[in-house]
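Residue-level listing of the chains:
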Amino acid sequence: MAAPDNEDPVNPGAVRRHRVLFRAIERRRNPKLRRSDITVTDQAAVKRATKAAALGNAMEWYDFGIYSYLAATLGKVFFPSGNDTVQLLSSFATFAVAFLVRPVGGMVFGPLGDKIGRKRVLSMTMIMMAVGTFAIGLIPSHATIGLWAPALLILFRLVQGFSTGGEYGGASTFIAEYAPDKRRGFFGSFLEFGTLAGYVGASGLVVVLSTVFSEDQMLHWGWRIPFLVAAPLGFIGLYLRLKLDETPAFQKLEGGNVRATEAADAVAETSATADLGKIFTRYWRPLVLCLALVAAYNITDYMLLSYMPTYLSDELGYPTNHGLLILLLVMVLQMCVISQVGRLSDRFGRKPLLMTGMLGFVFLSVPAFLLIRQGSVVLITLGLLMLGLSLVAMLGTMSAALPAIFPTQVRYGSLSVAYNLATSVFGGTTPLVITYLISVFHTNLMPAYYATAAAVVGVIAVLCMKETANKPLAGSPPSVETEQEAAEIVQAQAPAPRF
């Protein structure tokens with residue numbers, strides 16, 4: 001393993017003068033791997049871990065998707081006004097409120113996950129999200145309790161946002177630390193498969209309810225159904241997560257196969273991890289890189305998957321269900337190819353796939369929105385597919401690329417902080433910012449311009465990142481699929497005999 005990035009650089013002159021000393025220091029710092037150091041993954045356990053993380057993530061994004069797709073309806077229920085734009089802005093402002101506390105949730109749950117284990121914290125976030133979403137479905141309307149209605153809505157959105165602050169960083173860390181090094185991209189892609197499944201479930205349910213019920217029925221009680229469904233989904237996700245063991249990388253964190261609680265005690269006694277001050281001071285370079293990647297990725301993600309139905313109906317005047325159905329088709333197609341994108345990232349590297357997605361948004365955003373504005377179902381579908389394929393190149397890669405930026409002892413905390421800061425400032429505000437920019441500049445091409453600018457930042461970030469495909473996670477020993485691979489790694493360390 002390479003020395004941590006935060007260590008002071010060594011003077012080359014000192015190395016030349018004291019070669020023996022520095023060789024001894026290097027051997028001590030990077031000792032040869034023993035067979036017991038290398039993790040041989042249990043394929044069944046990896047699949048269980050991936051399934052639990054992906055299903056939990058699906059539930060989280062089902063909850064957020066429901067709010068996005070019912071934004072116009074919720075605006076009328078909780079923010080009565082004679083102006084449709086004001087209602088929509090109020091609804092999206094409440095959507096953005098949840099993102100204000102996401103960094104706080106990340107700062108609480110992330111370091112906690114580095115102390116007490118990934119599994120426990122992910123179970124806590126699941127419970128909180130289910131409770132917050134279910135409670136929204138029970139809030140009386142503004143017509144019934146007045147200003148208490150939007151106040152309670154904001155309160156439970158804050159609960160949702162706080163819990164989500166510990167979700168993505170933990171779930172991506174969980175899968176990355178379970179998966180073998182050579183297939184981390186493939187297994188990591190299922191986390192975003194869960195994200196898409198959550199959005200598909202949310203949009204599909206909204207389409208069905210909007211078709212079955214009249215507009216008055218949706219306004220009075222129909223909108224509550226998707227929120228109430230969150231309770232059983234939450235229990236299923238919680239059950240699956242509680243059945244899992246702690247990740248092998250966390251168990252080996254202190255240099256031995258120990259139980260998660262023992263590792264947590266050892267970690268808590270050291271001065272290395274779960275300290276926010278240390279994360280910001282010693283790991284600020286990877287934090288900035290992660291912030292830039294996530295900002296670019298989330299602006300394009302929320303623009304397409306959350307804001308697009310509202311854009312099609314409110315800005316372009318298309319029927320709500322038509323826009324949702326087209327987006328639903330695009331997301332289903334993304335689900336069909338996302339695992340193959342993960343495989344490609346294992347084969348060709350994270351950077352080429354991420355760069356493909358970023359450049360896709362740089363060059364295709366404006367043409368795609370020009371097609372969408374034409375009004376033809378075929379052209380709308382083509383435009384959304386152009387954006388969807390660009391996004392899936394990032395979706396299938398990002399969940400494997402981001403955890404590899406940070407070392408094991410601070411991975412959950414650092415990733416949660418960086419991811420949620422970027423998501424809070426840029427991702428969650430995307431619908432609100434775009435709606436505002438359209439009203440100011442009077443052009444419905446603003447989403448394209450906004451996505452293009454974000455992707456340019458993403459291109460720069462990808463150029464600055466290191467390739468991590470097929471390599472061990474920083475701070476962790478290699479993780480392989482077979483005993484033979486482990487033996488080959490140990491054997492490769494032995495110097496060739498000299499004759």
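Colleague: With reference to specific residues and values, describe empty space enclosed by the protein.
Modeller: Taken as a whole, this structure holds three cavities of 30 Å³ or more when the rule is applied. Within this model, the largest cavity holds a volume of roughly 90 Å³. Elements with a minimum of two residues in the lining of the largest cavity: α10 (167-178) and α15 (248-251). Looking at the lining of the largest cavity residue by residue, the class counts come to seven nonpolar, three polar and three charged. If you add up the space inside the second largest cavity, you get close to 70 Å³. Looking at the second largest cavity, the residues that line it are Asn57, Trp61, Tyr168, Glu192, Thr195, Tyr199, Tyr297, Asn298, Asp301, Tyr302 and Tyr419. Considering each element in turn, the lining of the second largest cavity owes the most residues, four residues, to helix α18 (residues 284-315).

Colleague: Would you mind going over the side chain of Asp181 in detail, with residue names and values included?
Modeller: Here Asp181 shows up in the loop between α10 and α11 (184-212). On the accessibility criterion, Asp181 (6% relative accessible area) is buried. Among the polar contacts made by the side chain of Asp181, one reaches the main-chain amide nitrogen of Ser479 at a distance of 2.8 Å. The residues touching Asp181, leaving out its near neighbours within four places in the chain, are Asn470, Lys471, Pro472, Leu473, Pro478 and Ser479.

Colleague: Describe the packing of helix α3 (residues 43-69) against helix α7 (residues 118-136), and please don't skip the residues or the numbers.
Modeller: Viewed as axis vectors pointing N to C, α3 and α7 meet at an angle of 25 degrees, and their least axial separation amounts to 10 Å. The angle between the axes of α3 and α7 places the two elements in the roughly parallel class. Where α3 crosses over α7, the handedness of that crossing is left-handed. Here Gly56, Met59, Glu60, Asp63 and Phe64 of α3 come into contact with α7, specifically with Thr125, Met126, Met129, Ala130 and Thr133. Among the residues forming the contact of α3 with α7, the class breakdown is five nonpolar, three polar and two charged.

Colleague: Requested: an account of the packing of aromatic side chains, with residues and values cited.
Modeller: In the structure shown here, the tally under the stated rule is 11 aromatic pairs. Measuring from centroid to centroid gives 5.3 Å for Phe174 and Tyr178, while their planes differ by 50 degrees, and the two rings are tilted. Pair noted here: Phe174 and Tyr178 are both in helix α10, with a separation of four residues, about one helical turn. For Phe174, a relative accessible area of 2% translates into the label buried. Its relative accessible area of 7% is what places Tyr178 among the buried residues. Between Tyr311 and Phe369, the ring centres sit 5.4 Å apart and the planes meet at 80 degrees, which makes this aromatic pair edge-to-face. On the criterion of sequence distance, the pair formed by Tyr311 in helix α18 and Phe369 in helix α20 (residues 350-372) is long-range, its members being 58 residues apart.

Colleague: Can you explain the environment of Asp42? Please cite residues and give values.
Modeller: Structurally, Asp42 can be placed in the loop between β1 (39-40) and α3. When the C-alpha atoms of Asp42 and Glu481 are compared, they prove to be 7.5 Å apart, with 439 residues separating the residues in sequence.

Colleague: How would you explain the packing of α20 against helix α24 (residues 446-464) if you had to name every residue and give the values?
Modeller: It is at 8 Å that the axes of α20 and α24 come closest, and there the two elements cross at 160 degrees. Regarding the angle of α20 to α24, the classification is roughly antiparallel. Seen from above, α20 lies across α24 with left-handed handedness. Along the contact surface, α20 presents Lys351, Leu354, Met355, Met358, Leu359, Phe361, Val362, Ser365, Val366 and Phe369, while α24 presents Pro447, Ala448, Tyr449, Ala451, Thr452, Ala455, Val456, Gly458, Val459, Val462 and Leu463.

Colleague: An account of the environment of Leu327 is requested, with residue identities and associated values reported.
Modeller: Relative to the assigned elements, Leu327 resides in helix α19 (residues 320-348). A relative accessible area of 1% means that Leu327 is categorised as buried. The spacing of Leu327 and Tyr199 is 128 residues in sequence and 9.9 Å in space, taken between C-alpha atoms. Here Leu327 is in contact with Tyr69, Leu304, Leu305, Met308, Pro309 and Leu384, once residues within four sequence places are set aside.

Colleague: With reference to specific residues and values, describe the side chain of Thr429.
Modeller: Note on placement: Thr429 falls in the loop between α22 (411-427) and α23 (430-441). Of note is the side chain of Thr429, whose polar atom sits 3.3 Å from the backbone oxygen of Phe426. With sequence-adjacent residues up to four places away left out, Thr429 is seen in contact with Ala96 and Ser424.

Colleague: Please set out the nonpolar core residue by residue, giving values where relevant.
Modeller: Counting residues in hydrophobic clusters, the biggest one holds 113 residues, and the most contacted among them are Met308 and Leu402. Ignoring anything within four residues of it in the chain, the contact list for Met308 reads Met303, Leu327, Phe369, Ile372, Leu384 and Leu387. Residues Ala45, Ala49, Val121 and Tyr178 belong to the second largest nonpolar core, which totals 10 residues.

Colleague: Account for the pattern of salt bridges, naming residues and giving values.
Modeller: Here the structure, examined in full by the defined rule, presents six salt bridges. With a shortest N-O distance of 2.4 Å, Asp181 and Arg184 are connected by a salt bridge. Comparing Asp181 with Arg184 shows no difference in burial state: the two are buried. The residue Glu481 makes a salt bridge to Arg183 at a minimum N-O spacing of 3.3 Å. Of this pair, Glu481 sits in the loop between β2 (479-480) and α25 (483-492) while Arg183 sits in the loop between α10 and α11, placing them 298 residues apart in sequence. We classify Glu481 as partly exposed; its relative accessible area is 34%. Its relative accessible area of 21% is what places Arg183 among the partly exposed residues.

Thresholds applied
- Residue numbers restart at each chain and count upward from 1, following the sequence in its written direction.
- Residue-level local features of this predicted model are given only where pLDDT is at least 70; pairs of side-chain atoms are given and counted only at 80 or more, and the full residue set underlies all totals for whole chains, interfaces and linings.
- Each side-chain value is derived from all of the structure's non-hydrogen atoms; neither hydrogens nor water enter the calculation.
- Detection works on a 1 Å grid of protein atoms alone, calling trapped sets that fit a 1.4 Å probe cavities and calling open sets with protein on both sides within 12 Å along at least five of seven lines pockets, with lining residues defined by an atom within 4 Å of a point.
- Grid points are joined across faces, edges and corners, and a volume is the space filled by probe spheres set on the points.
- A run of H or I in DSSP counts as a helix once it spans at least four residues, and a run of E counts as a strand once it spans at least two, with each numbered from the N terminus.
- We call Asp, Glu, Lys and Arg charged. Ala, Val, Leu, Ile, Met, Phe, Trp, Tyr, Cys and Pro are nonpolar, and the rest, Gly among them, are polar.
- Under the scheme applied here, a residue whose accessible area is under 20% of the maximum for its type counts as buried, over 50% as exposed, and between as partly exposed, the area being computed with a 1.4 Å probe on protein chains only.
- As used in this structure description, the phrase polar contact means that two N or O atoms lie within 3.5 Å; if the pair is within protein, one of them must be able to donate a hydrogen and the other to accept it, and residues adjacent in sequence are counted only when both atoms belong to side chains.
- Contact definition: two residues touch when any of their heavy atoms are within 4.5 Å.
- In this analysis an axis means a line fitted to C-alpha atoms, helices contributing only their contacting stretch, and an angle means the value between N-to-C directions, from 0 to 180 degrees.
- For classification, angles of less than 35 degrees are called roughly parallel, those exceeding 145 degrees roughly antiparallel, those between 65 and 115 degrees roughly perpendicular, and all remaining angles oblique.
- In this scheme the crossing of two helices becomes right-handed for a clockwise turn of the near helix relative to the far one and left-handed for an anticlockwise turn of less than a right angle.
- Only centres within 6.5 Å qualify two rings of Phe, Tyr or Trp (six-membered ring in Trp) as a pair; their planes then separate them into stacked at under 30 degrees, edge-to-face at over 60, and tilted for everything else.
- Among the buried residues, those of types Ala, Val, Leu, Ile, Met, Phe, Trp, Tyr and Cys that are joined through side-chain atoms within 4.5 Å form a nonpolar core.
- Salt-bridge detection follows one rule: a side-chain nitrogen of Lys or Arg within 4 Å of a carboxyl oxygen of Asp or Glu.

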